[in-house]
Amino acid sequence: MLDPMDPLLRTELIRYGEMAQACYDAFDFDPYSIYCGSCKFTRTKFFEELEMLQYGYDVTRYLYATSNINLPNFFKQSRWPKVWSKNANWIGYVAVSNDETSRKLGRRDICIAWRGTVTRLEWIADMMDFLRPISSDKIPCPDPTVKVESGFLDLYTDKDESCRFCKFSAREQILTEVKRLIEMYSDEEEELSISITGHSLGSALATLSGYDIVETGINVSRDSRGVPVCVYSFSGPRVGNVRFKQRVEGLGLKVLRVVNVHDVVPKSPGMFFNENVPPVVMKLAEGLPWSYSHVGVELALDHNNSPFLKPTTDPVCAHNLEAHLHLLDGYHGKGQRFVLASGRDIALVNKACDFLKDHHCIPPNWRQVENKGMVRNREGRWVQAERPRLDDPHSSQPT
């Protein structure tokens, strides 16, 4: 289905990529904002505000994580002394397809979307680049040799019981919501699917959460049917070691990784010991804390094949999610001519970077918040616009 590219698969990949992109478009990362670190929109208005109602999904839960780990540029905090939360950041959402979309898809789709970093790529250098057993954080893996990158695991499992937004970890929030939704829709005897998407650091969290769902058996409904779980990873780093890859494959988790061959992020961590070195070397290095392996199937794209893009070595452009979706739209198979298939607007490529050739006359970094979010109040003063009260997370823990 990848070579040549199946048109339906391309449509699916772009849809899930745009649901991951929505995490960036909705995230408030302005340090001068009182609400820095939160989502700009309420849960019920999320897709409407982003002009994505045509996809037919409803957000059922927002996801939050704590900020007490060493992953710079993932967490954002306001410079104001009084803020919505000092210890939490919004990191994504869980959504479910509505009745009309479910009929078109032939299934009720539960989608989990993760946010990645919103600025440049310094987090790679500062990442906790060592492996640790996934079972060390109470994820019930029976094999202690299954290991994942320590920073990803902390982000997924850490919590702060003094904060109402991250009283439960991102892991607990997801497992609780997925279990609830499967129980809800299993009663209606519908076909279900769980689709997890993310870009950059978010794709690592997507892979980790997908693994967790199938390892714990949360995707098994009351009538013992297994709900299929798929991960759509965009420009994701390596997550774990060879044993993690083998465990993922053994559990039947499907992972499709979309990468740009010029992007540095999918090449890390594990720059020297990874799936590309001879098996004999990997066998000798498997005990090292820096021996990583990608999981799933890779769809490799090349931005040099697009006639719309500049020949640049800027790592931010090569890593940009909108650029990946543009490349997907024009990809038809290895050696095939680059032709846009869906008419997706090329201007989206320059939404947050400078990648389009100048003769297209699309300004770089054009997506801006009007007036930096400032509005005039009744006294004629310019102030930050107030927002509705942030949704309280569910308070129940997974069972």
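Rules used in this analysis
Residues numbered from 1 in each chain as written. Predicted model: local features only at pLDDT ≥ 70, side-chain atom pairs only at ≥ 80, totals over all residues. Heavy atoms only, no water. UniProt positions renumbered as here; feature names shortened; annotations may be inferred. Buried < 20%, exposed > 50% of the residue type's maximum accessible area, 1.4 Å probe, protein only. Helix = DSSP H or I, 4+ residues; strand = E, 2+ residues; numbered from the N terminus. Polar contact = N/O pair within 3.5 Å; in protein donor to acceptor, adjacent residues only side chain to side chain. Core = buried A, V, L, I, M, F, W, Y, C linked by side-chain atoms within 4.5 Å. Contact = heavy atoms within 4.5 Å. Salt bridge = Lys/Arg side-chain N within 4 Å of Asp/Glu carboxyl O. Pairing = 2+ DSSP bridges. Axes fitted to C-alpha atoms, helices over the stretch in contact; angles between N-to-C directions. Right-handed = clockwise from strand over helix to strand, strands pointing away. Phe/Tyr/Trp six-rings, centres within 6.5 Å; stacked < 30°, edge-to-face > 60°. Lys NZ or Arg CZ within 6 Å of the ring centre and 35° of its normal. Parallel < 35°, antiparallel > 145°, perpendicular 65-115°, else oblique. Left-handed = near helix turned anticlockwise from the far one by under 90°. Nonpolar A, V, L, I, M, F, W, Y, C, P; charged D, E, K, R; others polar. Patch = residues over 30% accessible without salt bridge, like charges linked within 9 Å, V, L, I, M, F, W, Y side chains within 5 Å. Areas by Shrake-Rupley, 256 points an atom, 1.4 Å probe, with all protein chains shown as cover.

The chain appears in an unreviewed UniProt entry as Fungal lipase-type domain-containing protein from Coffea canephora. Taken from UniProt, the Subcellular location (unreviewed entry) comment for the chain reads in full: "Plastid, Chloroplast".

**Observations regarding helix H11 (residues 321–330)**
The buried count for H11 comes to 10 of 10 residues, which makes it a mostly enclosed element. Buried within H11 we find Leu 321, Glu 322, Ala 323, His 324, Leu 325, His 326, Leu 327, Leu 328, Asp 329 and Gly 330. The backbone nitrogen of Glu 322 has a side-chain oxygen 2.9 Å away, supplied by the residue at the start of H11, namely Asn 320.

**Section: the nonpolar core**
Among the nonpolar cores identified, the biggest contains 56 residues, and Leu 13, Phe 46, Phe 47, Trp 90, Tyr 93, Leu 299 and Leu 328 are the most heavily contacted of them. Tallying contributions element by element places helix H1 (residues 7–25) first for this core, with 9 residues. Beyond its immediate chain neighbours, meaning those up to four positions away, Phe 46 contacts Ala 22, Ala 26, Cys 39, Phe 41, Val 59, Tyr 62, Trp 90 and Tyr 93. Within the second largest apolar cluster, 47 residues are counted, among which are Ala 65, Ile 134, Val 214 and Val 229.

**Quick look at the pattern of salt bridges**
Evaluation of the coordinates by the stated rule reveals 25 salt bridges. The residue Glu 100 makes a salt bridge to Lys 104 at a minimum N-O spacing of 3.6 Å. A residue pair is termed a helical-turn pair when its members lie 3 or 4 positions apart in one helix, as Glu 100 and Lys 104 do in helix H3 (residues 99–105) at 4 residues.

**Brief notes about the sheet that holds strand S9 (residues 297–301)**
In space, the 7 strands of this open sheet follow the order S1-S2-S3-S6-S7-S8-S9, with mixed pairing throughout. Single-partner strands in this sheet number two, and they are strand S1 (57–66) and S9. Sheet twist, expressed as the average angle between the axes of neighbouring strands with direction ignored, equals 15°. Two strands pair when backbone bridges link them, and strand S2 (residues 88–97) and strand S3 (residues 108–114) are joined in this way by 5 bridges, in the antiparallel orientation. Paired with Val 94 across the strands is Ile 112, a residue of S3. Where H11 meets the sheet, it contacts strand S6 (192–199), strand S7 (229–234), strand S8 (254–260) and S9, and its direction lies at approximately 100° from that of S8.

**Quick notes on the pairing of S7**
With 5 of its 6 residues buried, S7 lies for the most part within the structure. Looking at chain direction, S6 and S7 are connected through 6 bridges and run parallel. In the strand pairing of S7, His 199 is matched with Phe 234. In this fold, S6 hands off to helix H7 (residues 201–216), which returns the chain to S7; that crossover is right-handed. Sheet topology places S7 next to S8; 5 bridges connect them, and they run parallel. Paired with Cys 230 across the two strands is Lys 254, which belongs to S8. One crossover worth recording links S7 to the parallel S8 by way of helix H8 (residues 242–251), and it is right-handed.

**Focus on the packing of aromatic side chains**
Two aromatic rings, taken as a pair, are described by how far apart their centres are and by the angle between their planes. Enumeration according to the criterion identifies 14 aromatic pairs in this entry. Ring plane angle 85° and centroid distance 5.7 Å describe the contact between Phe 47 and Tyr 93, whose orientation is recorded as edge-to-face. With Phe 47 in helix H2 (residues 46–49) and Tyr 93 in strand S2, the pair connects residues that are 46 residues apart, well separated along the chain. Neither Phe 47 nor Tyr 93 differs from the other in exposure class; each is buried. Through a chain of ring-to-ring contacts, three or more aromatic side chains come together here, namely Phe 27, Phe 29, Phe 46, Phe 47, Tyr 62, Trp 90 and Tyr 93. Sitting over the face of the ring of Tyr 16, Arg 15 holds its NZ or CZ atom 4.6 Å from the ring centroid. The positively charged end of Arg 115 is found above the aromatic ring belonging to Phe 27, 3.8 Å away from the centroid.

**What to know about the packing of helix H6 (residues 170–186) against H7**
When two helices pack together, their arrangement is given by the angle between the helix axes and the distance between those axes. At a closest axis distance of 11 Å, the pairing of H6 and H7 adopts a crossing angle of 55°. Comparing their axes, H7 and H6 come out oblique. Between H6 and H7 lies a crossing whose hand is right-handed. Here Arg 171, Ile 174, Leu 175 and Val 178 of H6 come into contact with H7, specifically with Ser 209, Asp 212, Ile 213 and Thr 216. Residue composition of the contact of H6 with H7, by class: 4 nonpolar, 2 polar and 2 charged.

**Things to note about the environment of Phe 46**
Tracing the chain through its elements places Phe 46 in helix H2. Its relative accessible area of 0% is what places Phe 46 among the buried residues. Each C-alpha atom of the pair Phe 46 and Tyr 57 lies 9.9 Å from the other, and the pair is 11 residues apart in sequence.

**Here we look at the environment of Tyr 331**
With respect to the helices and strands, Tyr 331 occurs in the loop between H11 and strand S10 (374–376). Between the C-alpha atom of Tyr 331 and that of Pro 4, which follows or precedes it by 327 residues, the distance is 8.8 Å. Apart from residues no more than four positions distant in its own chain, Tyr 331 is found in contact with Leu 2, Met 5, Arg 10, Leu 299, Ala 300, Leu 301 and Phe 338. Within polar-contact distance, the side chain of Tyr 331 engages the backbone nitrogen of Lys 334 at 3.4 Å.

**Quick look at a nonpolar patch on the surface**
A surface patch of nonpolar side chains, about 280 Å² in accessible area, is lined by Phe 130, Leu 288 and Trp 290. By the secondary structure assignment, Trp 290 is in the loop between helix H9 (279–285) and S9.

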